[in-house]
Amino acid sequence: MCQPQASAVADDLADCNSGPPARVEAACAAIINDTARPPEDRVKAHLGRSRLYLNTSKIDLALADAEAALKMDSNSVQALLQRGVAYQRTGKLDLAKADFDRALEIEPKNALALLSRGNLRSQQRNWPEAISDFDEAIAARQDFAQAYVSRGRAYSESGQLDKALSDLNAAIAINVNVPAAFYWRGQTYRRKGDIDRAIEDFSRAIAQGPKNDMAPYFARAQLYSSKGDYTRALADLDALLAVAPDSAAAKQLRQSTLAMQTELAKVQGNDKGSDKDKPKALPAPSASELADQITPPLPQAAPSGNAAGKPLIDRARQLIVQAKYADAVGLLNQVLTADPRDEAALQLRSSARTRLGQLAEARADLDELIKLRPNDATALSLRGVTSAAMRQPDQGLVDVEAALKINPNSAQAHYSRGVVHRQLGKVPEALADFDRAIAIDPRMSPAFYERGITQMSLNQLDKALTDFDQALALARVYDLAKAARGVVLLMKGNSAEGLADINAVLERNPTNQTAVFGRGLALVNSGQFDRAIVALDTVVGKTADDSMARTLRARAYLGKGETRNALADLDLVLKARPSDASALTLRGSVFSALRDYPKALNDLNEAIERRETIESYVARARVYEAQNDSEKAAADYRRATELAPRSVFETNAQANAKKKAQQLSKRVPCGDMAGSGTCL
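What counts as what
- Residues numbered from 1 in each chain as written.
- Predicted model: local features only at pLDDT ≥ 70, side-chain atom pairs only at ≥ 80, totals over all residues.
- Heavy atoms only, no water.
- Helix = DSSP H or I, 4+ residues; strand = E, 2+ residues; numbered from the N terminus.
- Buried < 20%, exposed > 50% of the residue type's maximum accessible area, 1.4 Å probe, protein only.
- Contact = heavy atoms within 4.5 Å.
- Areas by Shrake-Rupley, 256 points an atom, 1.4 Å probe, with all protein chains shown as cover.
- Salt bridge = Lys/Arg side-chain N within 4 Å of Asp/Glu carboxyl O.
- Phe/Tyr/Trp six-rings, centres within 6.5 Å; stacked < 30°, edge-to-face > 60°.
- Lys NZ or Arg CZ within 6 Å of the ring centre and 35° of its normal.
- Axes fitted to C-alpha atoms, helices over the stretch in contact; angles between N-to-C directions.
- Parallel < 35°, antiparallel > 145°, perpendicular 65-115°, else oblique.
- Left-handed = near helix turned anticlockwise from the far one by under 90°.
- Nonpolar A, V, L, I, M, F, W, Y, C, P; charged D, E, K, R; others polar.
- Disulfide = S-S within 2.5 Å.
- pLDDT = per-residue confidence, 0-100.
- Core = buried A, V, L, I, M, F, W, Y, C linked by side-chain atoms within 4.5 Å.

A.B. asks: Please provide a residue-by-residue account of the overall build of the chain, values included.
C.D. replies: When its secondary structure is counted, the chain shows 37 helices and zero strands. When burial is assessed residue by residue, the chain has 52% of its 680 residues classed as buried. For the chain, the share of sequence-separated contacts (at least 6 apart) that also reach a separation of at least 24 residues comes to 51%. Taken as a whole, the chain presents about 31,200 Å² of accessible surface, with 50% of it coming from carbon and sulfur.

Shown next, in the form of structure tokens:
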């Protein structure tokens, strides 16, 4: 106890000012308590600790430190600003403004002080004076993204929407990682009536922002609810209430949204069927599209084995960023000719070859890299997912399991194993792997995409839609996810939004398999069967499992009355997937059109046994009508009116079922033995 107190160590000032949060408080305290320290060091320590307390919402402690700093240096602009922020957060706006004014008396061109006073005036909804402060802040510092965001917000709130968009676009151009810029641009688009763009920006704000920032969740939920997309709205509100369970606004919106969803369900009925179909898959991406899934961020350049290596590697890296993959491979070939063991060149060439769809060559580069670095979990994971892309999942599984032994917390390895598991038909295992990859790296957009595709294969369209939304929020240009989202939206009957996604992808890549399938789906739905068949011809036969494309093409053939072609497609689907309820339903409809009613009933009975759908009941009712069995036909039409539509095709079928049920109810007695009562 008699030992003198140890003075602050030399590194305490660095830790106090910019060290890890866990060390800031102790480092600052050591300096503050060391009376031998120069006063300017102790002022900096009070400010460092005050800043920490402001960031952790310990406002009283932040205020105490700012005041202590001002007692030692009454002209400290930083101390005035931090005390002003503390006053502002406790509602003492006059005191806050006095501190900001005093800071600007000392430094009239201080951009941060101008921003702080402008934000205070925005809080008071004094838009003209707030905008004036932001004007001066931007004049003092042209690259001040936050000042553009704040002025954009002020313009938006005061109804100057074009000026708001200009400022918010400028902020994003300066720094694309500012969540508030996307949030306020979303609010501006919302005020302009551009709901889809608003939702996209709120999604970007959610993806970039902290988990406790609930404003974009609430804003997006409002828009989803207004569009009638109640499932997505409720998902956002549940996420909000998990963080802020006492939010009255969120509770009220959730209650009204749930009521509207319930009312809709009453109209549509409850789907009591179960889907026993084998999971289906969308058309497989092309080799170049697969590259988007398996190409990691570009590796950092390792020391080159020869003097000419590093400049060539740096140039190759630039070419890859510019999508000039073949040119990059040419340069990297030169490097590897001089030194076949150059790790950076092997990594980059593998990446470029993957982008070119040269998967075998890309894997050969990874083979060489793994010989040099046998315990590199990332390289093993990439080789595993490359093998899966080459339709060699068993070989891929060996690599990803080895990667996970080396690094159990590798997001890339869990993601890669999920891709392999899905190819092997191990859907629960794939979902678990994608969940783990996302838990480790919440910004891994391909993991959200792959999980969405897996959810689609289970007919869990709402979950898939949420994952595709998140993938697109994390990676703005992501054609695989956008095309898949378009297909889901079309399946759910949201043609406008779905076609917007499909068309956007096809403008960039007219051969994208998923987008072409989506175009075919939209054309079938609109009765343009000839054009649909032309589109689907480019998808059918391109992958081992083309059941979805063949089934859809059969629907188009049936719409044209070309029963022979429809039957050929459906026979091939059912040969590979004998329990496919959708194909059984359509083949039953084909047999019905051919007046082969026994075969039609066999298919339709089996389809209904496997999964009750509106279309299967309507198709069977038509067979019964053709056989003059009005009672059975009426029963099937009634059942069709009770199920919830799973697709736009079922929505149309249900509308027809309601009309037919009403017609037949006049001829078929229902109710008690005397025939009283009605069927509906």
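Next comes the rest of the description.
A.B. asks: Outline the pattern of salt bridges, supporting the account with residue identities and numerical values.
C.D. replies: Considering all chains together, one arrives at 54 salt bridges under this definition. Glutamate 157 serves as the salt-bridge partner of arginine 191, at 2.8 Å between the closest nitrogen and oxygen. Remark: glutamate 157 occurs in helix H9 (residues 145-157) and arginine 191 occurs in helix H11 (residues 179-192); sequence separation between them is 34 residues. With a relative accessible area of 40%, arginine 191 lands in the partly exposed category. With a shortest N-O distance of 3.1 Å, aspartate 365 and arginine 353 are connected by a salt bridge. Of this pair, aspartate 365 sits in helix H20 (residues 359-372) while arginine 353 sits in helix H19 (residues 343-355), and the two are 12 residues apart along the sequence.

A.B. asks: Explain the packing of aromatic side chains residue by residue, including any values.
C.D. replies: Under the defined criterion, the tally for this structure stands at five aromatic pairs. Where tyrosine 415 meets phenylalanine 434, the ring centres are 6.2 Å apart and the plane angle is 50°; that geometry is what we call tilted. Of this pair, tyrosine 415 sits in helix H23 (residues 411-423) while phenylalanine 434 sits in helix H24 (residues 427-440), and the two are 19 residues apart along the sequence. Each member of the pair, tyrosine 415 together with phenylalanine 434, is buried. Members of the aromatic cluster, connected to one another through ring pairs, are Tyr183, Trp184 and Phe202. Against the face of phenylalanine 144 rests arginine 141, its NZ or CZ located 4.3 Å from the ring centre.

A.B. asks: Help me get a handle on the packing of helix H13 (residues 215-226) against helix H14 (residues 230-243), residues and values and all.
C.D. replies: Relative orientation of the contacting elements H13 and H14 amounts to 160°, with a least axis distance of 8 Å. Relative to H14, H13 is oriented roughly antiparallel. Helix-helix and strand crossings are classified by hand; for H13 and H14 the assignment is left-handed. The residues of H14 that touch H13, namely those facing Tyr217, Phe218, Arg220, Ala221, Tyr224 and Ser225, are Tyr230, Arg232, Ala233, Asp236, Leu237, Ala239 and Leu240. Of the residues assigned to the contact of H13 with H14, the class counts are nine nonpolar, one polar and three charged.

A.B. asks: Could you give an account of the state of the cysteines, with specific residues and numbers?
C.D. replies: Per the stated rule, a full pass over the model turns up one disulfide. The partner cysteine of cysteine 16 in its disulfide is cysteine 28, sulfur to sulfur 1.9 Å. Between cysteine 16 and cysteine 28, the disulfide has an S-S torsion of 100° and is therefore right-handed. Of this pair, cysteine 16 sits in helix H1 (residues 12-18) while cysteine 28 sits in helix H2 (residues 21-32); the two residues are 12 residues apart in sequence, bridging distant segments of the chain. When its relative accessible area of 1% is taken as the criterion, cysteine 16 is described as buried.

A.B. asks: A description of the confidence of the model for the chain should follow, citing residues and the corresponding values.
C.D. replies: Scored by pLDDT, the chain comes out at a mean of 84, with 89% of its residues at no less than 70. Confidence drops under pLDDT 50 across residues 296-305; counting only partners more than four residues distant or on other chains, this segment forms 24 contacts. In the predicted structure, residues 670-680 sits below a pLDDT of 50 and forms 14 contacts with residues beyond four places in sequence or in another chain.

A.B. asks: Describe the nonpolar core, listing the residues and the values that go with them.
C.D. replies: Counting residues in each nonpolar core, the largest one holds 91 residues, and the members touching the most others are Tyr449, Met456, Phe468, Tyr478 and Tyr637. The residues contacting phenylalanine 468, other than those within four sequence positions of it, are Tyr449, Gly452, Ile453, Met456, Ala481, Ala484, Arg485 and Val488. Core analysis: the next-biggest nonpolar cluster, separate from the first, contains 56 residues, Ile59, Leu81, Ala103 and Ala154 among them.

A.B. asks: How would you sum up the environment of alanine 532? Please name residues and give values.
C.D. replies: For alanine 532, the position within the fold is in helix H30 (residues 529-537). Taking C-alpha positions, alanine 532 is 9.8 Å from arginine 555, a pair spaced 23 residues apart along the chain. Ignoring any residue separated from it by four or fewer positions in sequence, one finds alanine 532 in contact with Gly520, Leu523, Val524 and Ala556.

A.B. asks: Account for the environment of alanine 180, naming residues and giving values.
C.D. replies: Examined against the element boundaries, alanine 180 turns out to sit in helix H11. Along the primary structure alanine 180 and serine 150 are separated by 30 residues, whereas in three dimensions their C-alpha atoms are 8.9 Å apart.

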